[in-house]
Amino acid sequence: MKSRISLCIVLTFLTSIAFAQNNIRMTYDYGSESKELLDFTDFENIFVEQLNFQGQALAGKTYIIGLEEYENGKLKDTTMLFDGAEDDYFKITSDSESLKFFFKLANGKLKTFVKGKKFGSKKAYFNLKTVEDAYILKDFFGSQKEIFLKPFVKNAVFAIISPTVHADGFGSYCEVVQSGVNPEDFGNQFGIPHYFLVTIVFR
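Rules behind the numbers
Residues numbered from 1 in each chain as written. Predicted model: local features only at pLDDT ≥ 70, side-chain atom pairs only at ≥ 80, totals over all residues. Heavy atoms only, no water. Pairing = 2+ DSSP bridges. Helix = DSSP H or I, 4+ residues; strand = E, 2+ residues; numbered from the N terminus. Axes fitted to C-alpha atoms, helices over the stretch in contact; angles between N-to-C directions. Contact = heavy atoms within 4.5 Å. Phe/Tyr/Trp six-rings, centres within 6.5 Å; stacked < 30°, edge-to-face > 60°. Buried < 20%, exposed > 50% of the residue type's maximum accessible area, 1.4 Å probe, protein only. Lys NZ or Arg CZ within 6 Å of the ring centre and 35° of its normal.

Here we come to the pairing of strand S5 (residues 96–106). For strand S2 (residues 46–54) and S5, the ladder comprises nine bridges, and the chain directions are antiparallel. Bridge pairing in S5 places Val48 opposite Phe102. Where S5 lies against strand S6 (residues 109–115), seven bridges are found, and the strand directions are antiparallel. By the bridge assignment for S6, Lys104 is matched with Lys111.

Here it is, written out as C-alpha cells:
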C-alpha cells in the first residue's frame, strides 16, 4: 500500500514538472498605482494592462500578437499588431517576458499599442460600430491569479466588447468573458453584434 502511495506521489510530481515545462504561466498587472491616474484613464476610456509570461517553454521562441474583429457572429478581419518572427532580435532569451498593452476608445475608434522590452508596436486604429462608451476591455482571468497557455497555440488574452443585454435591460461584461464560452462564439452566444479579440501565439 505504501509503495502504491509513493508511486502516485512520484507520478504526480513528474506530471507537474512536465506540465510546467510545456506550458507558459501568464499573470497580470493593471494600469497604474496612482488612483488619480486610474480615475483619469477610466474617464478617458484608456485601458493599460501588463501581461507577464513565465516558463521554460518561452526560451528561444518569439510571439505574434493579433487583433481579430467579429461582426454579427462572424470573423470579419484579422490584423497583425506585432510579428516578432520578422527578426531573431525579438526572440525571447530567458524563461520570462512581459508585454504592456494600451487601448483607447475615443472618437469612434479603438486605438491600440503594444510595448515590449525590445519594441514598441505601431499604433493601429479600428472603427467602432456604436458609441465608444459601450465598449470595455476585459481579460480572461476572472478570480484567477494565473492562466496557463500552450506554445504554438493561438490564445485570446483580451476582449474589447459591448455587454450582453438581458430582457430586463440589465447588461453584463463579466458574464461574457467568465462564461467559459469560446471567445470566437461570443457574438452568437451572447448577442454581441461587434467586438474584438487580442490574441498571442508563442512559437
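Moving on, we come to the sheet that holds strand S3 (residues 63–71). Here five strands make up an open sheet; going across it, the order is S4-S3-S13-S10-S8 and the pairing antiparallel. Of all strands in the sheet, those bounded by a partner on one side alone are strand S4 (74–83) and strand S8 (136–139). Averaged over all adjacent pairs, the angle separating strand axes in this sheet is 20°, with direction ignored. Pairing of S8 with strand S10 (residues 155–161) involves four bridges; the strand directions are antiparallel. Opposite Lys138, over in S10, you have Ala159 as the bridge partner.

This part takes up the environment of Lys129. Here Lys129 is to be found in the loop between strand S7 (124–127) and S8. Separated by 21 residues in sequence, Lys129 and Gly108 place their C-alpha atoms 7.7 Å apart. Excluding its chain neighbours within four sequence positions, the residues that come into contact with Lys129 are Glu69, Glu71, Lys76, Tyr135 and His194.

Turning to the packing of aromatic side chains, a few remarks are in order. Counted according to the given criterion, the structure contains 19 aromatic pairs. With a centroid separation of 5.9 Å and 45° between ring planes, the pair formed by Tyr63 and Phe82 is classed as tilted. In this pair, Tyr63 sits in strand S3 while Phe82 sits in strand S4, placing the two residues 19 residues apart along the sequence. The exposure class assigned to Tyr63 is buried, which follows from its relative accessible area of 2%. Of the residues examined, Phe82 reaches a relative accessible area of 10% and is grouped as buried. With a centroid separation of 5.1 Å and an interplanar angle of 90°, the aromatic rings of Phe82 and Phe90 are classed as edge-to-face. The class for Phe90 is buried, based on a relative accessible area of 17%. Directly above the ring of Tyr89 sits Lys118, whose terminal nitrogen or CZ lies 5.2 Å from the centroid. Directly above the ring of Phe113 sits Lys123, whose terminal nitrogen or CZ lies 4.9 Å from the centroid.

For the rest of this paragraph, the subject is the sheet that holds strand S1 (residues 24–30). Reading across from one edge, S7-S6-S5-S2-S1-S9 is the order of the six strands in this open sheet, with antiparallel pairing throughout. For this open sheet the edge positions go to S7 and strand S9 (147–149), each flanked by a neighbour on one side alone. This sheet shows a mean twist of 30° between the axes of neighbouring strands, independent of strand direction. Sheet topology places S1 next to S9; three bridges connect them, and they run antiparallel.

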